[in-house]
Amino acid sequence: MAKIIAVANQKGGVTKTTSTFNISAALAMKGKRVLMVDMDSQASLTISAGLEPLEVKYTVCDILEKASKPIEECIIKIEHIENLSIIPSIIDLAVLETELLSRPAREKILARALNQVDKDFDYIIIDCPPQLSILTMNGLAAADEVIIPVKTDYLAYRGLTQLKDTIEDIRLYVNEKIKVVGVIAALYEMQIVEDKEILAKLESEYNVIGVIKRAAVAKKGIYDGLPVVMQYSKSNIAKEYLNIADMIIKSAYERSEEI
Ligand SMILES: Nc1ncnc2c1ncn2[C@@H]1O[C@H](COP(=O)(O)OP(=O)(O)O)[C@@H](O)[C@H]1O
Ligand SMILES: [Mg+2]
């Protein structure tokens, strides 16, 4: 049975996609069979993984739409990263989203489909879009665990309340097993006082499982379809993501301070 983890935050630009790709690749490097699901119509994860959304045969749309294809046909193996596969996305997902609203049990469509491939993977990591939309609901409804990347600024910190409420609703009405396992404090700038203050607040109220500094290295490998954990495995950012992968494997979400 695969463990399903949603990477979610209704804000954009908080490193959901970067974190999904790096954590997934880190798990794959450690020998785990990993499937990533791109639930964002901007297809950033698909592109980051080196795929061209318009050139792939099937996407997550083919799973979510009414006349759906078998999920197995929508999974693409990422050739340059062993053990890693993806269900890609495409801009059409934005249109499909409105159609989804008229379907019964619309929050559970992804969860049902993922059930079919549960035994083929150790982990399924879902990159959610930047809204609390039906697509994010589908990601959360399928998930055993949620990881929340958040920027170390005040408004981002405040935005977490709304996300927590949504997850609470999902737990009550759709998916009682869902659990927020940790927050990633992202784009952290240690020389900025506000960032330090917000990091301290996050650490006192949430389980911070990673602190990802703002650094140019995070953007490098993108044209080659390579995540930081593979291209700059000695960098501080890579170490944080590799450490998160270890926590996932151990199912023990505790960050040691030495990193
Ligand atoms: N540690 C980092 N330092 C600097 N830039 C980063 C870092 N991590 C991600 N980025 C960049 O920040 C932007 C937003 O990241 P992304 O993962 O796309 O966020 P989201 O999926 O939440 O919208 C992207 O341009 C990405 O390349
Ligand atoms: Mg994204």
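Anything mentioned here points back to the structure above.
Treat the numbers as computed from the prediction; the structure is a model and nothing was measured. (Residues numbered from 1 in each chain as written. Chains lettered and ligands numbered in written order. Predicted model: local features only at pLDDT ≥ 70, side-chain atom pairs only at ≥ 80, totals over all residues. Heavy atoms only, no water.)

**Here's the deal with the overall build of the protein**
Consideration 1: Counting its regular elements, the protein contains 10 helices and eight strands.
Consideration 2: Here the protein, with 259 residues, has 54% of them falling under the buried criterion.
Consideration 3: Residue pairs in contact within the protein that sit at least 24 positions apart in sequence constitute 78% of those at least 6 positions apart.
Consideration 4: Of the charged side chains in the protein, 31 are positive and 37 negative, and the gap between their average positions amounts to 2 Å. (Helix = DSSP H or I, 4+ residues; strand = E, 2+ residues; numbered from the N terminus. Buried < 20%, exposed > 50% of the residue type's maximum accessible area, 1.4 Å probe, protein only. Contact = heavy atoms within 4.5 Å. Lys, Arg positive; Asp, Glu negative; His and termini not counted. Charge placed at Lys NZ, Arg CZ, Asp CG, Glu CD.)

**Topic: the site of ligand 1**
Consideration 1: Around ligand 1 lies a shell of 15 residues, among which Gly13, Thr17, Thr18, Lys213 and Ala215 are the nearest.
Consideration 2: In this structure, Lys213 approaches ligand 1 through a main-chain N or O atom, which is 2.8 Å from a nitrogen atom.
Consideration 3: If ligand 1 stood free it would expose 570 Å²; the protein chains cover 79% of that surface.
Consideration 4: In this structure the site holding ligand 1 corresponds to the largest pocket.
Consideration 5: Contributions of two or more residues to the shell around ligand 1 are made by helix 1 (16–29) and strand 8 (208–213).
Consideration 6: Sorting elements by how many residues they give to the shell around ligand 1 places helix 1 first, with three residues. (Near = heavy atom within 4 Å. Polar contact = N/O pair within 3.5 Å; in protein donor to acceptor, adjacent residues only side chain to side chain. Areas by Shrake-Rupley, 256 points an atom, 1.4 Å probe, with all protein chains shown as cover. 1 Å grid on protein atoms, 1.4 Å probe; cavity = no way out; pocket = protein on both sides within 12 Å on 5 of 7 lines; lining within 4 Å. Sits in = over half its atoms within 2 Å of the grid points.)

**What about the pairing of strand 1 (residues 3–7)?**
Consideration 1: Burial runs high along strand 1: five of the five residues are buried.
Consideration 2: The two faces of strand 1 match: Lys3, Ile5 and Val7 on one face and Ile4 and Ala6 on the other face are all buried.
Consideration 3: Of the pairings in the sheet, the one linking strand 1 to strand 5 (residues 123–127) comprises five bridges and is parallel in character. Looking across to strand 5, one finds that Ile4 is bridged to Ile124. (Pairing = 2+ DSSP bridges.)

**What to know about unusual backbone geometry**
Consideration 1: In this structure, Thr15 is a non-glycine residue whose phi angle is positive, near 80°.
Consideration 2: One can find Thr15 in the loop between strand 1 and helix 1.

**Structural notes on the state of the cysteines**
Consideration 1: Considering all chains together, one arrives at zero disulfides under this definition.
Consideration 2: Lacking any disulfide linkage, Cys61 is separated from the closest cysteine sulfur, that of Cys74, by 9.6 Å.
Consideration 3: According to the relative accessible area criterion, Cys61 is buried, its value standing at 7%.
Consideration 4: Given the relative accessible area of 0%, Cys74 is considered buried. (Disulfide = S-S within 2.5 Å.)

**Notes on the sheet that holds strand 2 (residues 34–38)**
Consideration 1: With respect to topology, eight strands assemble into an open sheet ordered 3-4-2-5-1-6-7-8, the strand pairing being mixed. Since the sheet does not close on itself, it has two edges, and those belong to strand 3 (76–77) and strand 8, each with one partner.
Consideration 2: Pairing of strand 2 with strand 4 (residues 84–87) involves four bridges; the strand directions are parallel. Looking across to strand 4, one finds that Leu35 is bridged to Ser85.
Consideration 3: Contacts between helix 1 and the sheet are confined to strand 1, strand 2, strand 4, strand 5, strand 6 (145–151) and strand 7 (179–188), with strand 5 contributing the most and set at about 165° to the helix.
Consideration 4: Helix 7 (residues 154–173) rests against strand 6 and strand 7 of the sheet, and its axis sits at about 165° to strand 6. (Axes fitted to C-alpha atoms, helices over the stretch in contact; angles between N-to-C directions.)

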